[in-house]
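# Observations on the model geometry
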Amino acid sequence: MAKINQNYLKLPGSYLFSEVARRISAYSAAHPGANIIRLSIGDVTQPLAPSVVEAMRRAVDEMGTAEGFRGYGPEQGYDFLRQAIAQNDYQARGVHMDPREIFVSDGAKSDCGNIGDIFGTDNVVAVCDPVYPVYVDTNAMAGRAGEYQERLGRWSRLVYMPCVEENGFAPAPPKEKADIIYLCFPNNPTGAVAGREQLKAWVDYANANGSVILYDSAYEAFITQEDIPHSIFEIEGARTCAIEFRSFSKTAGFTGNRCAYTVVPMELERDGASLNALWNRRQSTKFNGVPYVVQRGAAAVYTPQGREQTRAAIAYYQKNAQVIRDGLADAGLQTFGGVNAPYIWLKTPGGMGSWEFFDLMLDRANVASTPGAGFGPSGEGYVRLTAFGGAQATAEAVERIKSAL
Ligand code: MLT
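For every chain, the first residue of the written sequence is number 1, and numbering continues from 1 onward in sequence order. pLDDT decides what is reported in this predicted model: residues at 70 or higher carry local features, side-chain atom pairs at 80 or more are listed and counted, and totals for whole chains, interfaces and linings draw on all residues regardless. In computing side-chain properties, one takes all heavy atoms of the structure into account and sets aside hydrogens as well as water.

## Things to note about the sheet that holds strand S7 (residues 180–184)
In sheet architecture, strand pairing relies on hydrogen bonds along the backbone and comes in two forms, parallel and antiparallel. The test is simple: A strand pair is defined by DSSP finding two or more bridges across the two strands. Every helix listed is a DSSP run of H or I at least four residues long, and every strand listed is a run of E at least two residues long, numbered separately from the N terminus. Simply put, an axis is a line fit to the C-alpha atoms, just over the touching stretch for a helix, and the angle between two N-to-C directions goes from 0 to 180 degrees.
A sheet is described by the order of its strands in space; here 7 strands give the open sequence S2-S10-S9-S8-S7-S3-S6, paired in mixed fashion. Because the sheet does not close on itself, it has two edges, and the strands there are strand S2 (102–105) and strand S6 (159–162). Strand-to-strand, the axes of this sheet are offset by a mean angle of 20°, without reference to chain direction. Two strands pair when backbone bridges link them, and strand S8 (residues 212–216) and strand S9 (residues 242–247) are joined in this way by 4 bridges, in the parallel orientation. By the bridge assignment, Leu214 is partnered in S9 with Ile243.

## Some remarks on empty space enclosed by the protein
Using the following cut-off: Using protein atoms alone on a 1 Å grid, points that fit a 1.4 Å probe yet trap it form a cavity, whereas open point sets bounded by protein on both sides within 12 Å along at least five of seven lines form a pocket; residues with an atom within 4 Å of a point count as lining. Grid points are joined across faces, edges and corners, and a volume is the space filled by probe spheres set on the points. Asp, Glu, Lys and Arg are counted as charged, while Ala, Val, Leu, Ile, Met, Phe, Trp, Tyr, Cys and Pro are counted as nonpolar; the rest, among them Gly, fall into the polar class.
This model, assessed by the stated rule, comprises 1 cavity of 30 Å³ or more. Empty space within the largest cavity amounts to approximately 30 Å³. Taken together, Cys128, Pro130, Val131, Tyr132, Tyr135, Tyr182, Leu183, Cys184, Asn187 and Asn188 make up the full set of residues lining the largest cavity. Ranked by residues supplied to the lining of the largest cavity, first place goes to S7 with 3 residues. A per-class count over the lining of the largest cavity returns 8 nonpolar, 2 polar and no charged.

## Topic: the sheet that holds strand S16 (residues 370–371)
Condition: The contact criterion used is simple: two residues touch if any of their non-hydrogen atoms lie within 4.5 Å.
Strand order in the open sheet made by the 4 strands is S13-S14-S17-S16, with antiparallel pairing throughout. Each end of this open sheet is capped by a strand with a single partner; those strands are strand S13 (335–337) and S16. Note: S13 against strand S14 (residues 343–347), 3 bridges, orientation antiparallel. Looking across to S14, one finds that Thr335 is bridged to Leu346. Together, S14, S16 and strand S17 (382–386) form the strand contacts of helix H11 (residues 354–364), whose direction differs from that of S17 by roughly 50°.

## Description of the site of the ligand
Our working definition: In this text, near means that some heavy atom of the residue lies within 4 Å of the molecule or strand in question. Any pair of nitrogen or oxygen atoms within 3.5 Å is treated as a polar contact; in protein, a donor-acceptor pairing is required on top of that, and neighbouring residues in sequence qualify only through side-chain atoms on both sides. The method behind every accessible area is Shrake-Rupley, applied with a 1.4 Å probe, and residues are considered shielded solely by the protein chains displayed.
Inspection of the region around the ligand gives Phe17, Ile41, Gly42, Lys109, Tyr132, Asn188, Tyr219, Lys250, Tyr343 and Arg384 as its neighbouring residues. The separation between an oxygen atom of the ligand and a polar main-chain atom of Gly42 is 2.7 Å. The contact in question runs from an oxygen atom of the ligand to an N or O atom on the side chain of Arg384, over 2.7 Å. Considering the ligand on its own, with 270 Å² of exposed area, one finds that the protein chains cover 85% of that surface.

Shape descriptors only; they carry no functional weight alone.
Here's what the structure looks like:
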């Protein structure tokens, strides 16, 4: 008889965003006609930049000709895109990067989960708390998380690093020894950022302990403060201890297009093996690359017009974030984030539980949020709002929350 991966049976009910969607659907079914504004999942709403659309159209036309047709592409991504990424996202910011260190993929979510394939199951994994649930759930699936402790809302073998108001939602390296460390800045869900010195402490810790930092910078395009690093590789020493994940999803509205990349430096070795070579082996075995048309669209993001147009979409979302922050502050609510990130971390009033506040907002204001407790125990007492909605709907959601309270 086939044996299943028993680790899946240890996972709590459902993935956070599926559970939120389920509750919204149940509410809609019970209240037909309710006009729910979704500030829950971080999904973009603005159309693709015209330069991206144009580049994709041209690529489709090419594929329809005998000369331009392409079959399987390189699993690591086409050179034109790897080079554009290395040049624009790194070299232009003074960071050394070889295109061979860039692996184009179909999403930062998939890569953050798949990267676990190249690590042993006996590693000690450290995660922020609250945290993007993909890091936790994928480690649980791989058997690295131990047992789920329902009462505590934690996994027995994971090291949780509380990200709370007192530490500005950015933890310092733990006292325990962690082998694999997930960091995400600008942070999902709190919207916090880490400064150069904070990241340097992490890089030094990782190099001293032989740890690997898995750095998710999917939201770097939302950084507004000059001195905040966009990449872990802006920090000296990171090339020997870090892997970075980036995405076109939030930067260029590609959530429905699927294009991202992972950077694995040539210098990164553990157990005498090159992690770049291992990831290359993993990707070329299990992944057949991102469609040519999509990669052409992604490359158009780096043209002068593409850059201008995608910046305009980001500015649109940044304005939404400000509307949410200002509106909720007017209502006497305390918020964090939303300055260098598209997420606003709202402290629930009167110490209300996250799910309780989620239900209250859904019912009284018809506004959907994401309960902070779903991101980890330290998220209790918060909800996350996203700035990725339409401007009008966002402004209305804020007004509704104000009147509901
Ligand atoms: C979120 O809402 O946290 C994101 O949309 C999830 C993701 O990017 O996978």
